[in-house]
Amino acid sequence: MAGKINVGTFRRMKERGEKIVMLTAYDAPTAALAAAAGVEILLVGDSMSNTILGYENTLPLTLEQSLHHCAAVRRGAPEAFIVGDMPFMSYEVSVEQGLANAARYLKEAGCNAVKIESSPGSVPLIERMVDCGIPVMGHIGLMPHRVMVSGGYKITGRSEEDAAKLVETARALEKAGIFSLVLEGMPTATGAQVSAALKIPTIGIGAGVECDGQVQVVTDLLGLIDGFLPKHAKRYVELHKVIGEAFSQYVADVKNSDFPGPENSFS
Ligand code: KIV
């Protein structure tokens, strides 16, 4: 089914009032499971930097690391619509740099589109990418790349003035040619206001139920990491417990000579 999905699909879904489901994926088996479950967009998020590569935030992730994981996701979900999330400083230096790096997501990693954290300053890059045939997903609101400047992960668009600025930016990005827009960390009313102002779909994460779709970070959803869970995230399973118990059982089995059993041994 997903092989038939293209950028036009999402706009039509918005027109029909059909919610879009996006989930991050960083590896082949998880991508296969998410696609089989009906997730419509797999985002190879730069959140992989902290969620699976062990860095403190998204800043250290390199372009090569991101491409490596995008290609794995493509191998796991050959028909899926896959968005590669461009790492910090892989597109901000110049339009030429951003364009050349974005092209690698389509040419080398098999992605369908790229995502960039966006501002009005991103318009020339987006126009050039779209003109060259690279579909772009924007991202506004709370932007993890700017954590050093903002001094933390802060909710945006709380005042009327800030909400109006987000609407203005969203409209400029839509005009530049993005096919969808991630809204992160803003009140439900602001998410609704931005979504209503656009023809392209919005995909929310901590931006309320009025967005045209939702995205979650897969490790949050699966409860893979014990500890802090952001308010916007919902844990559907406590995988850290399941995995921890399996590992403990394995350790006990080896220590007690219960593994390998006859069924795991060769004669
Ligand atoms: O990297 C990521 O996972 C993201 C989502 C939070 C939208 O950008």
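Residues numbered from 1 in each chain as written. Predicted model: local features only at pLDDT ≥ 70, side-chain atom pairs only at ≥ 80, totals over all residues. Heavy atoms only, no water.

1. Some remarks on the overall build of the protein chain
No. 1: Looking only at helices and strands, the protein chain has eleven helices and eight strands in total.
No. 2: Compactness check: the protein chain gives a C-alpha radius of gyration of 20 Å against a globular reference of 18 Å for 267 residues, within 12% of the reference.
No. 3: For the protein chain, the spread of C-alpha atoms along the principal axes amounts to about 70 × 40 × 40 Å.
No. 4: For the protein chain, the proportion of its 267 residues judged to be buried stands at 49%.
No. 5: Accessible surface for the protein chain amounts to roughly 13,300 Å². Of this, 58% is attributable to carbon and sulfur atoms. (Helix = DSSP H or I, 4+ residues; strand = E, 2+ residues; numbered from the N terminus. Rg over C-alpha atoms; globule rule 2.2 N^0.38 Å. Buried < 20%, exposed > 50% of the residue type's maximum accessible area, 1.4 Å probe, protein only. Areas by Shrake-Rupley, 256 points an atom, 1.4 Å probe, with all protein chains shown as cover.)

2. Quick notes on a nonpolar patch on the surface
No. 1: Side chains of Tyr-250, Val-251, Val-254 and Phe-259 sit close together on the surface and give an oily, nonpolar patch of about 370 Å² of accessible area.
No. 2: If you trace the backbone, Val-254 turns up in helix H11 (residues 239-255). (Patch = residues over 30% accessible without salt bridge, like charges linked within 9 Å, V, L, I, M, F, W, Y side chains within 5 Å. Salt bridge = Lys/Arg side-chain N within 4 Å of Asp/Glu carboxyl O.)

3. Considerations on the packing of helix H8 (residues 160-176) against helix H9 (residues 188-197)
No. 1: Viewed as axis vectors pointing N to C, H8 and H9 meet at an angle of 30 degrees, and their least axial separation amounts to 9 Å. One finds that H8 runs roughly parallel with respect to H9. You can see that H8 and H9 cross each other, and the crossing is right-handed. In this structure, H8 uses Ala-163, Leu-166, Val-167, Ala-170, Arg-171 and Glu-174 to contact H9, whose residues at the interface are Thr-190, Gln-193, Val-194 and Ala-197.
No. 2: Here the contact of H8 with H9 is built from residues that sort into six nonpolar, two polar and two charged. (Axes fitted to C-alpha atoms, helices over the stretch in contact; angles between N-to-C directions. Parallel < 35°, antiparallel > 145°, perpendicular 65-115°, else oblique. Left-handed = near helix turned anticlockwise from the far one by under 90°. Contact = heavy atoms within 4.5 Å. Nonpolar A, V, L, I, M, F, W, Y, C, P; charged D, E, K, R; others polar.)

4. Describing the state of the cysteines
No. 1: On inspection of all chains with the given rule, the structure shows zero disulfides.
No. 2: No disulfide involves Cys-70; its sulfur sits 3.7 Å from the nearest other cysteine sulfur, which is in Cys-111. (Disulfide = S-S within 2.5 Å.)

5. A closer look at unusual backbone geometry
No. 1: The amide bond that connects Phe-259 to the next residue, Pro-260, takes the cis arrangement and shows omega of -5 degrees.
No. 2: Structurally, the position occupied by Pro-260 is in the segment after H11.
No. 3: For Ser-257, which is not glycine, the phi torsion reads 60 degrees and is therefore positive.
No. 4: Looking at the element boundaries, Ser-257 is found in the segment after H11.
No. 5: Classification of Ser-257 as exposed rests on a relative accessible area of 61%.

6. Remarks on the domain arrangement of the protein chain
No. 1: Segmenting the protein chain into domains produces domain 1 (7-236) and domain 2 (240-267).
No. 2: For domain 1 versus domain 2, the distance between C-alpha centres works out to 40 Å. (Domains from an automatic or database assignment.)

7. Examining the site of the ligand
No. 1: Around the ligand sit Thr-24, Leu-43, Gly-45, Asp-46, Ser-47, Asp-85, Lys-115, His-139, Val-182, Glu-184, Ile-205 and Val-217, and those are all the residues in its vicinity.
No. 2: One of the side-chain N or O atoms of Ser-47 is found 2.5 Å from an oxygen atom in the ligand.
No. 3: A distance of 3.0 Å separates an oxygen atom of the ligand from a polar side-chain atom of Asp-85.
No. 4: When the free accessible area of the ligand is taken as 260 Å², the share hidden by the protein chains comes to 95%.
No. 5: Put simply, the ligand lies in the largest pocket.
No. 6: Residue composition of the shell around the ligand, grouped by class: four nonpolar, four polar and four charged. (Near = heavy atom within 4 Å. Polar contact = N/O pair within 3.5 Å; in protein donor to acceptor, adjacent residues only side chain to side chain. 1 Å grid on protein atoms, 1.4 Å probe; cavity = no way out; pocket = protein on both sides within 12 Å on 5 of 7 lines; lining within 4 Å. Sits in = over half its atoms within 2 Å of the grid points.)

8. Section: the nonpolar core
No. 1: In terms of nonpolar packing, the biggest core is built from 67 residues, with Ile-41, Leu-42, Met-129 and Leu-181 touching the most fellow members.
No. 2: Considering each element in turn, this core owes the most residues, five residues, to H8.
No. 3: Every residue in contact with Ile-41, bar those within four places of it in the chain, is listed here: Phe-10, Ile-20, Val-21, Met-22, Leu-23, Phe-81, Val-83, Met-137 and Ile-203. (Core = buried A, V, L, I, M, F, W, Y, C linked by side-chain atoms within 4.5 Å.)

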